[in-house]
Every structure is written in C-alpha cells, then in structure tokens.
Amino acid sequence: MNGEPIAVADGISAPYREFAVGDAWGRAWGTTWFRLTGVVPPEFAGRHLEIVFDLGFDRSKPGFQAEALVYRGDGTPVRSLHPLAQWIPVSRTAARGERIEFFVEASSNPLILDDDDPFRVTLEGDWATSNEALLYRVQRADLCVFEEEVFDLVHDVEVLLELAEQLPAESTRRARVLVGLGRALDRLDLTDIDGTASAARETLAPLLAAPASQTSHRIAAVGHAHIDSAWLWPLRETVRKVARTASSMVTLIDEHDEFVYAMSSAQQYAWLKQHRPEVFERVRQAVAGGRFVPVGGMWVEADAVLPSGEALIRQFTYGQRFFRDEFGIECRGAWLPDSFGYSAALPQLLVGAGFEWFLTQKLSWNERNPFPHSTFLWEGVDGSRIFTHFPPVDTYSSQLSGAELALAARQFREKAVASSSLAPTGWGDGGGGTTREMIARARRLADLEGSPRVSWEKPDAFFARAKEELPEPPVWRGELYLELHRGTYTTQHAMKQGNRRSEVLAVEAELWSAAAAVRVGHPYPYDALDAIWRDILLLQFHDILPGSSIAWVHREARDRYADIATRLEDIVGSALGALGAELDPDGDLSVNAAPVAAAGVRSGAIDAAAPARVSIESRDDGSILLTSGSISAQIDADGLVVHLIDLASGRDAIPAGSRGNLLQLHQDFPNLWDAWDVDQHYRGTRRDLAEGASVRVEGTAVVVERSFGNSSIEQRISIGLDGAALVIDNRIDWREREKFLKLAFPVDVFADTALAETQFGYQTRATHENTSWDDARFETHAQRWFLVQEPGFGVAFANDSTYGFDVTRVERDGRITQDARFSLLRAPRYPDPETDQGVQTMRVAIVPGADVAAATATGHLVNASRRTVRGTALGPLVASSTPAVLVSAVKLADDRSGDLIVRVYEALGARAHATLQVAGRWSDGHRVDLLERITGAVPLTQAADASSIAVDLRPFEVATFRLRRVDSGR
C-alpha cells in the first residue's frame, strides 16, 4: 500500500510469478520483490561467479533512481544494487549444479533531478501526485564469470590513462605512459581478452611500479557515502538507502583488508537498529573491528546556520550519546560536508562538546570568492578555535579519478608547508558508497610516479598527521558563509516556523519540568523529552529545515511539527499543574519562560504582569497614531509607517519622506538551484505594494489588508513587548509563483555594518559592497534579530519564524540611510511545486532606540510562549543578576542522576560578571562541558533557601553548570 516497505521475512515468503527480462516494473515510490533462482551449469563449475542484475538503471545517476538490497533465503543481507554496482556475488568456486537463490527488494524511486532537464517542475515528489506508470524495465539477469585478470587490466589501463591526461604534454612520464599503454594493447587479443590480459598487464607493470616522489601530495581516502537523510526521497526511503549502503560497505570491509569506511549521523545508525537489525549487527561488528568508523558525533548532518544554539548542542549530545551507548566510542571530529554555510558559533560549541577537528567541503561551491585555506584553525565568535580541513578534491563523492587527484594536489593551499589532504571516496547524496573499482584504483595509486599517493585512512589518523605537518596553521575568523544557496534562509516557511516553535517549546518544557521535579518531586519526563528532541533534530537535517526537499518530505515535516507542539504543550501543562499553576487563557498570572523579563515578570517566573499602556488615535489626514510610554508610531492611510519615534531620544527611525512596513515583491528565477538559491539579479525587478490597502482600527491595533497578484495579506500592527516595539502580525494567503516577498523599513541610521544574532552571540554584516566578499553577502541570515545602529541610536528588527534579511545603504536627500528588509516568503517550484502555497503567519517587531541588549531581549520575547495561569506566583528556579548573562537552558542531567544542569551565555559581546541564584539547597556544583562531563568544581554560596554561583564570562562565552541536590543521596 502506497509503496511502503514490508518486512523482509514477508518479502521472502511471498508468492512469486514469472517475470522476464524486458518486462516493466515499479511505479514511482513503489517496492517490488524479485526472486532470482538458477543452477550452476557445468561449464561454470569452479569459477568465480556473479549475477549481473540490471533493473533498468541509468548509469549516470547512482543514488537518484531505482535501487535494491539483495538477501539470501534466510534473510541475510548480501549487498545493494545500484547503477554502478549491478553485481551479486554467487561463489568464488562454484560447484556444478549448485542451486542459486537470491531475493531482491527493489525500490522504484523516480528520477527527480535529471541532468538532461534539471530543476524541471515535477509532481513526482509525492506518492499522492506521482504518475502510476511503471518506470523501469529489467535489462539483464545473467549468471556471469568474473574474470579477475580482466578486471585488473581495466584498472591498470584506466589509472595510467587518467594519469597521462593530467600530466604536462611535454612530460617524460606522460610520453612513457602513453607508449607503454600502446604496447600493452598491442599484446591484447580482443578476441581472447581473458587469455591475453596477463600479457598486457606484464607490459604495464613497470609503469605502475614507478614510485611517487617524496614531495608528492598525500591523499587519505576515506570510504564514504553521503546519504541525505531526506532530499529527493522521503525519510522512509532513506532508511532503506542506509541499509543498502551499509550492507555493501560491510561486505567490502570483509573482502578488502585495507579498506576503511566512515559514516556519520547517529539517526541513520538508529534507523538500522530499528528497521534492519540484521544489517545493524553486521555494522556493529565492523565498528568493533575498527574499519567501519562512526564520524561526526551529531544526530544528523544538520543545517549549521538555522538551528538555535541549544539545538546544535543537542545535535552533539544525542549523537555522541548514541555512539557511546551502542559502540562504546565518542567521535573526535565533526563531519559536515554538505551544509549550506557554518555559523561562527560552531567552533565554541564543537570545542565545548569535546571535538578536536572539523571537516566540510561545501565552501568549494562559493560563487565568487575561493576560500583561501585547505587546512586551518577556525576561530569562532567567542575566540574558540578548532582544527579544520576542507578537502581540496572539492567533492564528498570522490571516485579517485586522475582529474580529482590532480585537482586536489593543485588546489591544496598549504602545500608550501604540508602535503596531506582527505578525499571522501564513494557515491553520495543518495548513497551507494565506495565500489570495488575505487578500491582497485587506490591500490594502483598508493605509490605511483606523477600522482598523489593514496592510502585508506581513518579520519582521526589523517587529522593527527595533518596537525603534525602544520603546527602553526593559518586562522580564519568568523562564520564560514556559503556564497550560494541563500534562499534556504527563507524557502518553506513552515519548516522555519515549526523549527523555531519546537526549539522554544522544548527548552520551556525542560525548564518547567526541572522546576517541578526540584520543587515538588514531579517525575521528570526523560523519555518523552528525549523522543521529542530526536524528532526536532532530525527535522534540522540540511535539506529539510532549509526547505530544499520534495513535497513528501515537507508534508510529513509539517505533520511532525504539529505533533511535536502538542506533545510539548502537554509536558508544559503537566509541569505547571504540578507547580500549582493551572493553564487558563483568562488567568491573572503570566508565565515567563524567556531568559529576559517580560511585562515586569522575571525570567523563569510566574507572576502578575504589568502590561504597558498604549493609546491609539485616528487623525484627520487618515493616519493613525499609536503611542506607548516608550515609542510612537504613525501609520498612514495606505497602512505604511511614516514615523517611528523613540520617545526617550526624540529620534524618528524613519527617514523624512520615507515609509516603512512596505511589502516589496520581486521576480525570483535563480539560475540553477530553485529552492536553494536567491541570485543577485532578483533585485533588478521590484514591485512596491504601497497602494490599495484597507486600513481600520481594532481596539489598540491597526489592521491593514491588501491584495496583490493572486495573494492577500492581513497585517495587525500594534505596540507590544513592554511597549517598546512596533509589532506586526502578518497573515499571508500566498498564491504567487517564483516570487520573493520582502518587508522593508527605511532606517535613518548611518552605519557601515549591521549586527545579526547568531547562536549565543552576534556578528557583523557589511551594509556596503566594498569587496567581493561584502558584495556576495547580498542576502544573509540572523537567528532572531538584527540591529542597525550608530553610536547612541539603533533600530532592532526581530521575528518569530524567518531567518533571511538584507540591509543596504541608500542616499536620501544627501544623507546616507539604510533599507532594512525581512525576507518573508519565496515560491520556487522545484523540487516542491507547491512551496509555501496557502496561509502563512509570521510576527515581526521593530524597536527604535535599541541597543544590543534591547535587540536581544526583543528577539527572545517575540519568540516566547504567551500563556497565563491561575494559581500562586512563583519565583524563578534559576536567576541571573545581569541582563548580559542569559540563561539558555535549565534541565535535569542526561544521565538521569537528578542533577540540575544550568547553561548560560554572555549575550552583549563584552566581559561579564554575574551571580546565578538557584532556588533550593545544593550540596556541590561543577563546571561541565556541553556533554555534561565535569571539568572543574564551582564554589557555591549557600543561603537559607537558595544557592548562588559567581560567573565570569568572556564575550559570547557559553558556560554549563551541574548542581547536586542536598537530599539526592549521591
């Protein structure tokens, strides 16, 4: 039903009908089981036999079309089948009359990305809309003799020919290789290839035996199969992709003593354990043997820009916990070859989680500026540094071709002082992994004149050698911005909204659950929170959260986000109930889970709120004036903001004659990657949606309605967040195609840079285009807020569900001002032709007269849950003495000891001292790393009903503390 997989035992025991070569099979996303039977004929007795089973493959697209996993009759997995690995091992010394039987679980995945017609609009990305026609025809089902000498000759010739193609035309080595190849082929009888292959190989042997020079580049080949946890296939298909690839890789490990294979993503191992335990057991044994190497230490290969700081930490804690529990190991390095840029917060988080190295290659995709290093120290926003390598082979799916090896040697940036780089080797994206052909290449390239030297190596060993070679590596400071795929900050708004809401709710559920556990002994919901966090982390995969997957993936993700919200709300309600606070929309107490005060309610407290007073006035000119004790905003008859005044300074944030809250609609036709890219030329067309609005007053809010194209928007404009912010709640019925919607505010501020929040801090963004690096950041990202400021005055922009923005300098009446714009919605048609169609909601807030502290507070408050209760007021379980040091998480320890975990960070970019007050009595405290392992003792100051910790932090430092209760009995 719906093409869903069935149990292996059911597939093997099912009734089968006859099927002939040439017959069609498999509608899109279907599953078909084949049974292959036969006997060994007399002429094949004693020979090395394999079955070649061609399901109708296109050899150019491994991982993107039909695939299969082969089983024996007892259910033992054998290996996968894909376009470049169509063989099934039968026997190396087959007996005459030996019975042959294999079962093949084949998936008929449609080809969504076709090189002949890339990025075409297709409905094949969901079972519900895909074509029912059969997609494939079986092309071969042959029992064959595998001639090892011919196989070796093929790779002798290919390696030498590809080497010659890369050598200089005038090279002596090239001339001798070409002559040798000619002589070898002269000895090959094309009517008796297997009988003359040895003679041809003898001619080539001296050429292959010539050693490389001592200064030759050295490449560590690491078997790999980058498997996207979802992309142009749904999650359930990835479960099978992992099983297929892992089966084949374990088989290669058994057959080739030198081969080493690395696989990331604890989630993928967990899928194996749950759905394919027979494959997982083979993997477990290979891991124990040290040849199947877990890498990365993360739950999935997550997007490295959009998740919150807490979510990134949980990627590490849940990933490392799985590897520790299942295999008794922890990964020493972070492995993220394909994420779309890397936050400047990552170095601190990686170091804090115990990682020693980091690997990616994605910045090789930069449109304009080649990255200047291959091996370097990456310095993060707080000054933490981690040893980092970008494989100069420029791919995570190397085939060890001559062209790839020459490229790696040529591009290696540190060649003057070092000689080693890494090459992830194997078919990727859709999996498949390393092939025996690649292993054959590596053997010939181990020490070959004119070529880099290649050897299979574990990642940790490569990084240890690279550090020895480069004791003083160059340093790159700040984020690793990818000059491509900028549309992923905005595409599939529901993914962004679901993620943001889930992150906030999960941290809130932990806070109240910890408070209830500590104060009244309420059972802490370890299992429920663990399951929810794993769901959140899975959906942060770098093709789900960025919005670049097929419709099926995003449909399921929307459902999962709704379920996550329900489960978290139940946990919050249960914990608050245990604390004596009954959820009630008309309750008289406000619940504040944000790390900043809200309406007079302290962070982490339950108390009566003191909302700001707001007045509203309709004027004769049709405009409407909103005023609080902090700001004043005037909205004209078109629903646009003509004045936004900070009453403390008297300054208007809006330049004279300009208008904010201006929706701007652009054409959006990227050159290649539809869902991924926003290309700079989009700015060449723009429509300002400035007229034709309906404007009315409802209570203390201004409601603006306007239509454009096939879409409409309702905006509710009010003053909120303690009266300091102009809040705009947008409800957009989005029906546009290939359009990009921005919300613009001109800002009367003179600044060369804007500040943009990143995880646990902020970074600067140039507002000019002085350099090609600045110009390439025409669309960029922030976590919850960005700030445009000059000394003494700034304007903060915050939101609850978007990440993309841009700030540009604009001259108005001889004065330099800024245009600040939220990126609201896109409408690409590939790979999901219905991207973001329908109703979308988002909240933005603009604060005139803001500084970093105000921007930070606004970002938290815009995203905080808004709930009221009836009951008794309650003070915070954990409180910080200064707004410079914010509480990021309060929870019980992952090891279920009952210890309290408190995480804080310095938010303003300056050294800070704070006192953390923790309600209750605590016997001792410790500083711990991000995996909650003790790194040192922390003095506690005891009072009658609380304990306190003195904290000193450097700018943007994250600190985690572990406290044990007096009555814990430990």
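Source: prediction; values computed, not measured.

Chemist: Talk me through the overall build of the protein; I want residue IDs and the actual numbers.
Modeler: Each helix and strand counted, the protein has 17 helices and 52 strands in total. For 970 residues, the compact-globule formula gives about 30 Å, and the C-alpha radius of gyration of the protein, at 31 Å, lands near that figure. With the C-alpha coordinates of the protein rotated into their principal frame, the extents come out at 95 × 70 × 60 Å. Taking all 970 residues of the protein together, the buried fraction comes to 63%.

Chemist: Hey, could you go over the packing of helix α6 (residues 266-275) against helix α8 (residues 309-327) for me, with residue numbers and the actual values?
Modeler: Put simply, α6 and α8 touch, their axes get as near as 9 Å, and they point 45° apart. Classified by the angle their axes make, α6 and α8 are oblique. In the crossing of α6 with α8, the sense of the turn from one axis to the other is left-handed. Here A266, Y269, A270 and K273 of α6 lie close against α8, whose contacting residues are G319, F322, F323, E326 and F327. Counted by class, the contact of α6 with α8 contains six nonpolar, one polar and two charged residues.

Chemist: How would you sum up the sheet that holds strand β44 (residues 878-880)? Please name residues and give values.
Modeler: Paired through their backbone hydrogen bonds, the strands of a sheet run either parallel or antiparallel. Pairing is antiparallel across the open sheet formed by four strands, whose spatial order is β44-β47-β51-β50. Only two strands of the sheet have a single neighbouring strand rather than two, namely β44 and β50 (941-942). Of the pairings in the sheet, the one linking β50 to strand β51 (residues 946-953) comprises two bridges and is antiparallel in character. The residue of β51 that forms the bridge with T941 is S948.

Chemist: Explain the pairing of strand β17 (residues 420-425) to me, and be specific about the residues and the numbers.
Modeler: The two faces of the sheet receive side chains in turn, since in a regular strand these alternate between them. Of all the six residues making up β17, six are buried; the element is thus mostly covered by neighbouring parts of the structure. Burial along β17 is two-sided: the face carrying S420, L422 and P424 and the face carrying S421, A423 and T425 are both buried. In terms of strand pairing, strand β10 (residues 218-223) meets β17 through six bridges, oriented parallel. Bridge pairing in β17 places A221 opposite A423.

Chemist: Which residues make up the pattern of salt bridges, and what values do they have?
Modeler: Applying the stated rule across the entire model yields 86 salt bridges. The shortest N-O distance in the salt bridge between D584 and R870 comes to 2.6 Å. Placement of D584 in the loop between β20 (581-583) and β21 (589-592) and of R870 in strand β43 (residues 867-871) is noted, with a sequence separation of 286 residues between them. Using a relative accessible area of 39% as the deciding quantity, one classes R870 as partly exposed. Across the pair E790 and R651 runs a salt bridge, and its minimum N-O distance is 2.7 Å. Highlighted residues: E790 in strand β38 (residues 785-790) and R651 in strand β27 (residues 651-652), separated in sequence by 139 residues. Take E790: its relative accessible area is 19%, and that puts it in the buried class. When its relative accessible area of 26% is taken as the criterion, R651 is described as partly exposed. Here the salt bridges do not stand alone but share partners, grouping E4, E67, E105, R236, E237, R240, K241, R244 and R276 into one network.

Chemist: How would you explain the nonpolar core if you had to name every residue and give the values?
Modeler: Counting 211 residues, the largest nonpolar core has F292 and L900 as its most contacted members. Top contributing element to this core by residue count: helix α13 (residues 493-520), with 13 residues. Apart from residues lying up to four places away in sequence, F292 is in contact with A246, M249, V250, I253, Y261, M263, Y269, V283, A286 and V287. F708, I732, A751 and I846 belong to the second largest nonpolar core, which has 46 residues in total.

Chemist: Tell me about the sheet that holds strand β2 (residues 30-39), and please be specific about residues and values.
Modeler: Taken together, the four strands give an open sheet; going across it, the order is β2-β7-β4-β5, and neighbouring strands pair in antiparallel fashion. The open sheet has two edge strands with one neighbour each: β2 and β5 (77-81). Ignoring strand direction, the axes of neighbouring strands in this sheet form an average angle of 20°. Summarising the sheet, strand β4 (residues 67-71) and strand β7 (residues 99-108) pair through five bridges and their orientation is antiparallel. Pairing of L69 across the sheet is with E105, part of β7. Packed on one face of the sheet, helix α5 (residues 235-255) meets β2, β4, β5 and β7 and runs near 110° to β5.

Chemist: Can you break down α6 residue by residue, with the values?
Modeler: Where burial is concerned, most of α6 is hidden: seven out of the 10 residues are buried. Looking only at α6, the buried set comprises A266, Q267, Q268, Y269, A270, W271 and L272. Packing partners of the buried residues in α6 comprise α5, β11 (261-263), α7 (277-288), β12 (292-294), α8 and α14 (526-538).

Chemist: Describe in detail the environment of E50, supporting the description with residues and values.
Modeler: With respect to the helices, strands and loops of the structure, E50 is situated in strand β3 (residues 49-54). For the pair formed by E50 and C144, sequence separation is 94 residues and the distance between their alpha carbons is 5.4 Å. With near-sequence residues (within four places) excluded, E50 lies in contact with W87, I88, P89, V90, D142, L143, C144, F146 and R436. Of the polar contacts made by the side chain of E50, one reaches the side chain of R436; its length is 2.7 Å.

Chemist: Which residues make up empty space enclosed by the protein, and what values do they have?
Modeler: For the structure shown, the criterion picks out seven cavities of 30 Å³ or more. Size it by volume and the largest cavity reaches roughly 540 Å³. Considering the residues around the largest cavity, the lining is formed by 32 residues, among which V507, P595, R784, H860 and S888 are closest to the centre. When contributions to the lining of the largest cavity are tallied by element, the ones reaching two or more residues are α8, α13, β35 (753-758), α17 (852-863) and β45 (885-892).

Chemist: Break down the pairing of strand β15 (residues 375-379) for me, with residues and values.
Modeler: Within β15, five of the five residues are buried, which leaves the element mostly enclosed by the surrounding structure. Across five bridges, β15 lies against strand β16 (residues 385-389) in antiparallel orientation. Paired with T375 across the strands is H389, a residue of β16. Looking at chain direction, β15 and strand β19 (residues 475-477) are connected through three bridges and run parallel. In the strand pairing of β19, L377 is matched with V475.

Chemist: Break down the packing of aromatic side chains for me, citing the residues and quoting the values.
Modeler: Enumeration over the complete set of coordinates arrives at 50 aromatic pairs. Aromatic side chains F64 and W233 sit 5.8 Å apart centroid to centroid with 70° between the ring planes, which places their arrangement in the edge-to-face category. Of this pair, F64 sits in the loop between β3 and β4 while W233 sits in the loop between β10 and α5, and the two are 169 residues apart along the sequence. Like W233, F64 is buried. Ring geometry for F708 versus W734: centroids 6.3 Å apart, planes at 50°, classification tilted. With F708 in strand β31 (residues 701-708) and W734 in strand β33 (residues 725-734), this pair connects stretches of sequence that are 26 residues apart. A single burial state applies to F708 and to W734, both of which are buried. Its guanidinium or amino end placed over the ring of W127, R27 lies 3.7 Å from that ring's centre, counting from NZ or CZ.

Chemist: Could you give me a rundown of the environment of D752, with the residues and numbers involved?
Modeler: Structurally, D752 is set in the loop between β34 (739-747) and β35. Along the chain, D752 and E310 lie 442 residues apart, while their C-alpha atoms are 31 Å from each other. Sequence-distant contacts of D752, that is, excluding residues within four places in its chain, are made with R765, A766, T767, H768 and R809. Looking at D752, its side chain comes within polar contact range of the side chain of R809, at 3.2 Å.

Chemist: Talk me through the side chain of S947; I want residue IDs and the actual numbers.
Modeler: The residue S947 is located in strand β51 in this model. At 3.5 Å, the side chain of S947 forms a polar contact with the backbone nitrogen of W922. Apart from residues lying up to four places away in sequence, S947 is in contact with L916, Q917, V918, G920, R921, W922, T941 and Q942.

Chemist: Which residues make up the packing of α14 against helix α15 (residues 551-578), and what are the values?
Modeler: For the pair α14 and α15, the least separation of the axes is 11 Å and the interaxial angle reads 150°. The pairing of α14 with α15 is recorded here as roughly antiparallel in orientation. Regarding α14 and α15, the two cross each other, and that crossing is left-handed. Packed against α14, whose contacting residues are A528, L529, A531, I532, D535, I536 and L538, the element α15 presents R560, I564, R567, L568 and I571 at the interface. Looking at the contact of α14 with α15 residue by residue, the classes come out as nine nonpolar, no polar and three charged.

Chemist: How would you sum up the environment of I934? Please name residues and give values.
Modeler: Inspection of the secondary structure puts I934 in strand β49 (residues 934-938). Put simply, I934 and E698 are 236 residues apart on the chain and 55 Å apart in space, counted from C-alpha to C-alpha. Discounting residues that sit within four places of it in the chain, I934 has contacts with H926, R927 and V928.

Thresholds, definitions, all that
Residues numbered from 1 in each chain as written. Predicted model: local features only at pLDDT ≥ 70, side-chain atom pairs only at ≥ 80, totals over all residues. Heavy atoms only, no water. Helix = DSSP H or I, 4+ residues; strand = E, 2+ residues; numbered from the N terminus. Rg over C-alpha atoms; globule rule 2.2 N^0.38 Å. Buried < 20%, exposed > 50% of the residue type's maximum accessible area, 1.4 Å probe, protein only. Axes fitted to C-alpha atoms, helices over the stretch in contact; angles between N-to-C directions. Parallel < 35°, antiparallel > 145°, perpendicular 65-115°, else oblique. Left-handed = near helix turned anticlockwise from the far one by under 90°. Contact = heavy atoms within 4.5 Å. Nonpolar A, V, L, I, M, F, W, Y, C, P; charged D, E, K, R; others polar. Pairing = 2+ DSSP bridges. Salt bridge = Lys/Arg side-chain N within 4 Å of Asp/Glu carboxyl O. Core = buried A, V, L, I, M, F, W, Y, C linked by side-chain atoms within 4.5 Å. Polar contact = N/O pair within 3.5 Å; in protein donor to acceptor, adjacent residues only side chain to side chain. 1 Å grid on protein atoms, 1.4 Å probe; cavity = no way out; pocket = protein on both sides within 12 Å on 5 of 7 lines; lining within 4 Å. Points joined across faces, edges and corners; volume = space filled by probe spheres on them. Phe/Tyr/Trp six-rings, centres within 6.5 Å; stacked < 30°, edge-to-face > 60°. Lys NZ or Arg CZ within 6 Å of the ring centre and 35° of its normal.

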